Structures are given as structure tokens and as C-alpha cells.
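Take a look at the letters that make up each chain.
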Amino acid sequence: MSERGAILRTIGKPLEVDEITLAPLAPEQVRVRIVASGVCHSDLSQATGALPAGTPCVLGHEGAGVVESVGSDVHHVTPGDHVVIAWVAACGHCWFCLRGEVHLCRNAIRDTYSMPYATDAGGNALFTSMGVSSFATATNCLARAVVPIDTDIPLDIASLIGCGVATGAGAALNTAPVEHGSAVAVIGLGGVGLASLMAAKVRGAAEIIAIDPVASRRETAIALGATHAVNPADGDVVKQVRSITGRRGADYVFEAVGRRATIESAIEATRRGGTTCIVGAAPVDERVSLSAYDLYMHAKTLVGCQYGSVVPGRDFPMLLNLWRTGRLPLERLITGRVTLDEVNGAFDDLRSGSGIRSVIVNEQEEGGPP
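Residues numbered from 1 in each chain as written. Predicted model: local features only at pLDDT ≥ 70, side-chain atom pairs only at ≥ 80, totals over all residues. Heavy atoms only, no water.

## Concerning the sheet that holds strand β1 (residues 2-8)
To be explicit about the condition: DSSP-based pairing: two strands are paired if at least 2 bridges between them are found. Comment: elements are numbered from the N terminus, with helices defined as DSSP H or I runs of at least four residues and strands as E runs of at least two.
Ordered in space as β1-β2-β7-β8-β4, the five strands form a closed barrel in which the pairing is mixed. As paired strands, β1 and strand β2 (residues 16-22) are joined by six bridges and run antiparallel to one another. Each bridged residue has a counterpart across the sheet, and for isoleucine 7 the counterpart in β2 is glutamate 16.

## Some points on the pairing of strand β12 (residues 207-211)
The cut-off we apply is this: Under the scheme applied here, a residue whose accessible area is under 20% of the maximum for its type counts as buried, over 50% as exposed, and between as partly exposed, the area being computed with a 1.4 Å probe on protein chains only. For crossovers, right-handed means that the path from the first strand over the helix to the second runs clockwise, given strands pointing away from the viewer.
Counting buried residues along β12, four of its five residues qualify, which places the element largely inside the surrounding structure. Relative to β12, strand β11 (residues 183-187) runs parallel, the two being bridged by five bridges. Paired with valine 186 across the strands is alanine 210, a residue of β12. Handedness of the β-α-β unit built from β11, helix α5 (residues 191-202) and β12 comes out right-handed. Remark: the β12/helix α6 (residues 215-223)/strand β13 (residues 228-230) crossover connection has right-handed handedness.

## Overview of the environment of glycine 313
With respect to the helices, strands and loops of the structure, glycine 313 is situated in helix α10 (residues 312-324). Glycine 313 sits in the exposed class, given a relative accessible area of 54%. Spatially, the C-alpha atom of glycine 313 lies 23 Å from that of valine 359, the residues being 46 residues apart in sequence.

Pasting the structure below:
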């Protein structure tokens with residue numbers, strides 16, 4: 001049966017929405033009918049070559065949908081289950097997984113890219129994107145990547161958990177757990193940064209400083225719980241953060257941009273003894289200059305954040321429970337719902353900084369899954 005997918009054929013070129021044919025399911029795979037897929041900046045970075053991607057491939061790694069069929073070795077989900085797809089398909093038995101660091105699984109990438117995926121209308125093999133390929137009407141993925149969720153949760157909300165919210169909120173909950181009463185700064189107020197901000201509020205931060213050049217994003221940050229908003233155009237960001245925090249700097253600074261300038265500012269804006277957490281997905285050739293004197297003399301901690309250090313089976317339901325109780329108002333992150341054919345327009349919004357998160361919503365056939 002033919003499906004449709006947004007194919008990246010050439011780096012730097014627009015995606016082509018075309019027919020694809022999914023491979024027969026392997027024993028350890030599931031087929032998920034995609035209902036919603038967030039459009040993440042990392043998708044754009046793959047399309048432009050800033051992040052690696054094999055071509056041709058179907059992009060998208062922030063998806064949720066309904067299980068359509070399962071392989072013979074799959075027992076934790078059944079057809080009809082609602083699921084969120086994790087882009088790290090942890091094996092569960094490597095050295096990292098056994099330590100609970102499933103986000104660093106050594107086998108996830110190998111197993112993801114060796115599984116049968118799909119072909120295009122011409123019969124050419126397609127790569128998967130991070131084992132998810134959610135810019136499509138349906139996808140094949142490793143069963144260990146899917147997390148079942150309650151059927152009453154809207155799937156457009158659930159899709160955000162697959163990457164942006166898991167990464168951003170996980171940074172403040174898991175990677176660099178924010179202490180109650182602390183001062184937190186967040187640089188970059190896209191979906192990931194705002195998720196870090198909301199999680200810092202959940203953790204009880206006293207001061208939350210939101211930093212972004214886009215006025216509408218700063219306004220959203222204030223509505224989501226930021227106590228201060230900083231416009232880089234108003235002067236040195238580090239000085240502004242220090243003026244808010246008694247000239248000390250913030251206890252925790254979350255950098256959600258992934259660029260040298262903002263990373264270096266984040267380190268400078270961190271107080272002595274504080275923690276800088278790098279959440280943004282930087283290009284592979286980005287380099288940062290550090291003062292060795294500053295690191296030892298000021299006793300700062302610099303930590304990288306891979307996928308919010310999440311354990312998907314544990315953390316995805318927890319994050320959705322926080323949404324259900326109103327403590328993570330994820331619906332505020334969705335500023336546009338688009339069709340699959342409008343994916344390139346969603347990329348244009350990312351380039352311009354317009355909105356926060358576009359979500360591709362696939363129309364479902366009458367009588368089909370919600």
C-alpha cells in the first residue's frame with residue numbers, strides 16, 4: 001500500500017512530497033499511522049546539511065500516531081494503541097542502557113539504519129530519518145522506540161514529547177535538575193528552550209530569565225512563567241543577566257540555540273559554582289572557546305544534554321501527566337497546524353523565527369484512528 005512522505009532528495013533543496021512504499025514489517029518493527037508530527041529545527045538543520053542526514057530520506061523525528069500492525073516479536077503494543085515515537089531506539093542491554101543512560105545507547109543508530117524502511121515511487125531505497133520519519137502518513141520503526149500513551153491525549157500535543165519537549169524539559173528535570181528557589185536563564189525560546197523554561201518552573205525556580213531576540217517569543221515566555229525577559233538588542237546579555245541576579249549570574253543557564261556565541265554567553269552568564277547546560281543542536285563543525293582559568297577558578301559545571309537524558313518509557317507519560325494537570329501547558333507551543341504538503345512553508349517559519357512550533361496534522365479517513 002502506498003503512503004506519502006516528505007522526501008529530502010538533495011541537501012539544500014526543498015522537500016518533495018511524494019508516494020512511498022513501506023517495506024514489509026520485520027519481526028521487531030511496528031507500523032504507525034502518523035497523526036501528528038512536530039516540525040523541529042533539527043529537521044531543518046538536516047535539510048540544509050548543518051546536521052548529517054543520508055539522502056534520499058523521509059524527514060521528521062517528532063511524531064505520534066496509532067499502531068497499525070506489529071511484527072511477530074512485538075508484545076508491548078498492539079494495533080490501535082496510541083504511541084509517541086522516540087528517536088533513540090535504545091537496545092536495553094548495552095553498557096549505557098544497563099547504567100540507565102538509554103539516551104546514549106551504543107546500538108540505537110546502528111539498528112535504526114539497518115532496518116528495512118521504504119522505497120520511493122521509482123523503487124529507489126529511502127533512508128529513515130533517525131528511525132522515525134514522521135513527515136509521512138505512516139512509518140515503520142523499531143518497536144522499542146514506541147511508547148504507548150493514554151488514548152484521551154490529543155496526538156498533536158503528544159507529538160511534541162517525541163523530541164522538543166523531551167529534550168528541553170528533560171534538560172531541566174534530568175540533565176541539570178533545577179533546584180527549588182534558584183535563578184535560571186534560558187537562551188533561545190523555540191520549542192526546546194520554552195520546554196526548559198516550563199520545566200524550571202515545575203522544579204520551583206524563583207527567577208526565570210528568558211532570552212531571545214524575537215519579541216513574540218519573549219512574550220510567550222512571560223506567559224509561561226518567566227519572571228524576566230531579555231532582548232539581546234538591549235545590550236550585553238551577560239550584563240543583563242547579572243543585573244537581575246545580584247551581579248552573580250544565574251545558577252543554571254540552558255542554551256537552546258547551538259551556536260558558539262550563545263554558548264559562550266551562557267557560560268559567562270553562569271554564576272561561580274553554577275551549571276551551564278548546552279541543549280541546542282550545534283552543527284558538526286561548530287567550535288567553542290573556553291577559558292581554562294574560568295573553569296577551575298570559578299568552579300563552573302559545563303554539561304552537554306543529549307535528548308534530555310530521558311528514559312522514554314518513564315518520562316514520556318510523566319511529561320504528558322504534567323500537561324494533563326496544567327503544569328506543562330504544551331498547547332501554547334503550537335503556533336501552527338499544517339498539512340504534509342505545507343512542510344516547506346513550516347521550514348520557512350523556522351528560518352524567519354516566526355511562531356514556535358508548527359505541527360503537521362494528517363487527515364484521517366472516516367472511521368479511522370483519531
